[in-house]
2 protein chains.
Amino acid sequence: MRDAYADQLDGIRQDLVTMSRLVRTAVSQATESLLNGDANRAEQVISSDAEIDRKREEIEERSFELLSLQNPVAGDLRMLIAALRMVSEFERMGDLSVHVAKIARLRVPEIAVPEELEPTISRMAAIAEVMVGKVEVIIAERDADGARQLEEADEEMDKLRRSSFRDLLDSDWKHGVEAAVDIALLGRYYERIADHAVSIARRVAFLVTGDMPSPSDA
Amino acid sequence: MRDAYADQLDGIRQDLVTMSRLVRTAVSQATESLLNGDANRAEQVISSDAEIDRKREEIEERSFELLSLQNPVAGDLRMLIAALRMVSEFERMGDLSVHVAKIARLRVPEIAVPEELEPTISRMAAIAEVMVGKVEVIIAERDADGARQLEEADEEMDKLRRSSFRDLLDSDWKHGVEAAVDIALLGRYYERIADHAVSIARRVAFLVTGDMPSPSDA
């Protein structure tokens, strides 16, 4: 028979999946606001961030309670500590989505992304969103192999970011300094969202397989 | 008489101070490489980052060992969990210093920062370095008040970043897209270093006073 403690651990895992879903929505809506110059959508991302922060606090409190009262060891201890670190990363991903939405909002009624950069930025955004979606599945199914797929997606992200840099530093660039700065920062934000996704996936893989994640994962 | 467990806890606190010092050196040398266009100094920051990563792993392993074997409760449990989260932040601060050094290296023999922006960027860098220095003292002396001072320094950082943005988006800007992008990213990197310093200081204040840090601290 399952005990309350096992249920509580499962509850935390389930909460991490929920938090992942909230972050995926934030990334997706931030991109929508960015590519459509949609101020309402941007406001929604900005105001919904409080929900992500609350989820974080909730998971933190419950994890800490279990750590205090149950003296978990081995795998359970690792899981709870990983949960505490993952919620910080999810919260950052939420903040990065807010940064994207704020750039979108700042440029309304214009669109921050010049037309010729639209394919690159929208591909970066799509990769970020897919990566967050995979993290959700990886946590729910404790899928250590999924982490490797994320590393591949992350490589494509890095390539796109380099390509966007080449475009804006090209002597043909005719969209001015403001658009160039927007693109550079947007590239950075999507890249960081992807980095956090990889980092979370590595933490899950470590929990499942016991293999240490690489030192560059935080 | 002090026992081995208390000594181990103290050892971890001491290691956090050491890690903080390594990060301060990284920030300081990255700035030096940036403002002087010094490629050797930049290489030094980039190669020394491995030492920061190793320190992180070492603190992680020792904290985890104590958590596993000693079942710490209350304050000690909080301290060890805070240590695990602080090392992630210190590692990120090291990475951000590497990003600064890489921009410096990319522009050698030129200097990435145009002369008129030099005062702003060098002030941002100085604030970041002072903040990391204060974190060191805050951890060593468990100084909850120090955290408040850091918040003030962080406000000046935000103001400087906004001022650098105004400069580069000004119609008088004559340094081109590349320099504008460099300045935007450098501003972001120093701002993030400062954010992490504030976050670490808040964690220490929380350990000392028991007051919850604000939800935006990660």
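Residues numbered from 1 in each chain as written. Chains lettered and ligands numbered in written order. Predicted model: local features only at pLDDT ≥ 70, side-chain atom pairs only at ≥ 80, totals over all residues. Heavy atoms only, no water.

An unreviewed UniProt entry lists chain A under the name Phosphate-specific transport system accessory protein PhoU, with Nocardioides mangrovicus given as the organism. One UniProt comment on chain A, placed under Function (unreviewed entry), says "Plays a role in the regulation of phosphate uptake." In its Subcellular location (unreviewed entry) section, UniProt records this for chain A: "Cytoplasm". (UniProt positions renumbered as here; feature names shortened; annotations may be inferred.)

Colleague: Any chance you could explain the packing of helix α1 (residues 4–36) of chain B against helix α2 (residues 39–70) of chain B here in plain terms?
Modeller: The angle between the axes and the distance between the axes are what describe a pair of packed helices. Residues and elements named next belong to chain B. Contact geometry for α1 and α2: axes closest at 10 Å, N-to-C directions at 165°. Here α2 runs roughly antiparallel to α1, going by the angle between their axes. Crossing angle aside, the handedness with which α1 passes α2 is left-handed. For the contact of α1 with α2, the residue count by class is 14 nonpolar, eight polar and eight charged. (Axes fitted to C-alpha atoms, helices over the stretch in contact; angles between N-to-C directions. Helix = DSSP H or I, 4+ residues; strand = E, 2+ residues; numbered from the N terminus. Parallel < 35°, antiparallel > 145°, perpendicular 65-115°, else oblique. Left-handed = near helix turned anticlockwise from the far one by under 90°. Nonpolar A, V, L, I, M, F, W, Y, C, P; charged D, E, K, R; others polar.)

Colleague: I would appreciate a short explanation of the UniProt feature "domain: PhoU" (unreviewed entry) in chain A in the present structure.
Modeller: All names here are of chain A. The feature "domain: PhoU" (unreviewed entry), as given by UniProt, occupies residues 17–103 and 121–204 in the numbering adopted here. Strand forms 0% of residues 17–103 and helix 94%; the C-alpha atoms that close the span are 28 Å apart. A helix fraction of 90% and a strand fraction of 0% characterise residues 121–204, whose end C-alpha atoms lie 28 Å from each other.

Colleague: Help me understand the interface of chain B and chain A in this model?
Modeller: The accessible area lost on association of the parts is a frequent measure of interface size. With 42 residues of chain B at the contact, the number on the chain A side is 42 residues. For the pair chain B and chain A, the summed buried surface comes to about 3,300 Å²; carbon and sulfur atoms form 61% of the total. In terms of surface lost to chain A, no three residues of chain B exceed B:F64, B:R85 and B:R188, which account for 17% of the buried area on that side. In this assembly, chain B and chain A are joined by two salt bridges. Run the count over chain B and chain A and you get six residue pairs in polar contact (both at pLDDT 80 or more). Elements represented by at least two residues in the side of chain B that touches chain A include exactly α2, α3 (74–107), α5 (144–169) and α6 (176–209) of chain B. (Contact = heavy atoms within 4.5 Å. Buried area = accessible area lost by both parts, 1.4 Å probe. Salt bridge = Lys/Arg side-chain N within 4 Å of Asp/Glu carboxyl O. Polar contact = N/O pair within 3.5 Å; in protein donor to acceptor, adjacent residues only side chain to side chain.)

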